[in-house]
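Residues per chain, in single letters:
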Amino acid sequence: MTEQAADSAMAISHINLADSNQASPLAKANEPSQTKIILATINAKYIHASLGLRYLYANMQELQPNTEIQEFVIQTRPIDIVEQILAAKPSIVGFGVYIWNIVETTNVVSLLKVIAPEVKVVLGGPEVSYETEQQVITQSADYVLTGAADISFYQLCLDIINNNEPAQKVLKSKPVALADLQLPYQYYTDEDLKNRLLYVEASRGCPFKCEFCLSSLDTASNPFELDAFLEQMDILYQRGARNFKFIDRTFNLNINTSIKIMQFFLDRMTDDLYLHFEVVPDHLPRKLKEFLAQFPEDSLQFEVGIQTFEPQVQANISRKQNNDKSKDNLKWLRENTSAHIHADLIFGLPGETLESFRDSFNELYACNPQEIQLGILKRLKGSPIIRHTETFDLRFSPLPPFNILSTDRVDFATMQLVNRFARYWDMIGNSGRFKHALPILMDSNPFDEFMALTNWLFEQTGQTHQINLKRLYELFAQATEVLFPEKHQAVVAAIEQDYAASKLKSHFSTLTLSIPVVSELESDKQVAQSKLLQRQHRHKA
């Protein structure tokens, strides 16, 4: 089943493990409360399984037999979500709220409280843990738990059941030692193992203070007990799990722990095992490199946060990064391992200009990662980045996902330009569909050359999405003919290789890879437009 089909056909997932053969060992012998509790969230895609809900479920103790997980996707209508939730006849519904589902969850909660006002609604998650009182969704909810609610949700449910409800709506979760938590991994179902990403964590927190990130509020990176964690990973593996996505912010912070985890998976290596880690780019000691080199092709993906190579911008956001070592490590990973490298840059950081971002892009492109994720700065509630709002005139969208719209260095038009650049880069650069053609286009000044392509594509189509692949190959070749005519012949030959690899059904000869012949008047108009685009590009550069 394709991911798109799964999103449509399997939009709603119900997990009531107390009624299955995976019943919780925590259920008490005495009669549990008959209060029905629903744990719900709206995922961006079906393939994303909520680790947060499973932590809550794992720690529900004697309430677990009457607790059920319901997961939805954002394509599902709010009224249909409410119908599914109320069909279970819950007394308490807890929602996990995130930046990607805040709008949809707000609509669901509003509807739910109109239809069933007697149902207690509890909110939790990073999006409602800060600036809580000002949010519309808070007005509709009965309670909001801020911070990590692994235990506090259970405690609140007990209070509600025992008619000992708190007087205040917003409740701050107390810190809990990781050793006191029940791990959630047994509550991934067989369907999850077969069809979805399995999120796991060997540690929580981050010692770094990058101000655009909520993890900067952490005081340290705290590990789970390693043997217990690996025991759970082994159980998942024995059940057939082969796709593990680690959400640790700094997987390679403690090298000895990293190596033990790597060795655990090396000992169980199969053709279909795939691991995803987020790594610190300037911290790859020799001992770790030796292990990384042992992993076969298509078994490792590293998410590497670069964000910017500009030292002053790094200082503005309290980011400590050895740029030279980071670049050396990226090049080493590409040359000596088969790991798939997904490297991140962020545009719109305090003090960043289009010129400094261009330099960061070109430096990162020279490191040859398979993907460069071009993100636009977002205003995450609670993140320290907001302290720069006045100094750098940061203007964020009031609508989710709260992207930056302009700064004192980058006007709105330029921000839109980079947004389009990022979208086309996903379609062309990150897709892997132009593996042969793209390096020919971007052979001298990658950022400027792709920006010229961006301007031309948008001028011709007015679109940054829903361009089918065949048409995209044609547009790429035609743009090269107009913008870089000396490269056109080589690009067409390269596109033929890329087209063959794409497995598209139509024959390559059916593509229109040159600008169609037009009248002399139309030709003069196109030449003028091309020169105008080039002048605009030079001006922006």
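Conventions and cut-offs
- Residues numbered from 1 in each chain as written.
- Predicted model: local features only at pLDDT ≥ 70, side-chain atom pairs only at ≥ 80, totals over all residues.
- Heavy atoms only, no water.
- pLDDT = per-residue confidence, 0-100.
- Contact = heavy atoms within 4.5 Å.
- Buried < 20%, exposed > 50% of the residue type's maximum accessible area, 1.4 Å probe, protein only.
- Helix = DSSP H or I, 4+ residues; strand = E, 2+ residues; numbered from the N terminus.
- Pairing = 2+ DSSP bridges.
- Right-handed = clockwise from strand over helix to strand, strands pointing away.

**Student:** Quick one: what's the story with the confidence of the model for the protein, residue by residue and with numbers?
**Tutor:** Overall, the prediction assigns the protein a mean pLDDT of 91, with 89% of residues at 70 or greater. Here residues 1-11 is modelled with pLDDT under 50, and outside its nearest four sequence neighbours on either side it reaches 19 contacts, counting other chains as well.

**Student:** Break down the pairing of strand β11 (residues 243-246) for me, citing the residues and quoting the values.
**Tutor:** A one-sided burial pattern is seen for β11, the buried positions being F244 and F246 and the unburied ones N243 and K245. Where strand β8 (residues 198-200) and β11 come together, three bridges link them in parallel fashion. Bridge assignment links Y199 to a residue of β11, and that residue is K245. Summarising the sheet, β11 and strand β12 (residues 274-279) pair through three bridges and their orientation is parallel.

**Student:** Could you give an account of the environment of M415, with specific residues and numbers?
**Tutor:** By the element assignment, M415 lies in helix α14 (residues 412-428). Residue classification places M415 among the buried positions, given a relative accessible area of 1%. Distance from M415 to I404, taken between C-alpha atoms, is 8.1 Å for residues eleven residues apart in sequence. Not counting chain neighbours up to four residues away, the residues in contact with M415 comprise F347, G348, I376, I404, L405, S406, T407 and V410.

**Student:** Can you lay out the pairing of β12 for me, pointing to particular residues and giving the numbers?
**Tutor:** Handedness of the crossover joining β11 and β12 through helix α9 (residues 255-266): right-handed. Regarding topology, helix α10 (residues 286-292) serves as the crossover connection from β12 to the parallel strand β13 (residues 300-307), and that connection is right-handed.

**Student:** So what's going on with the environment of F309? Which residues, and what values?
**Tutor:** Relative to the assigned elements, F309 resides in the loop between β13 and α11 (311-316). You can call F309 buried: its relative accessible area is 4%.

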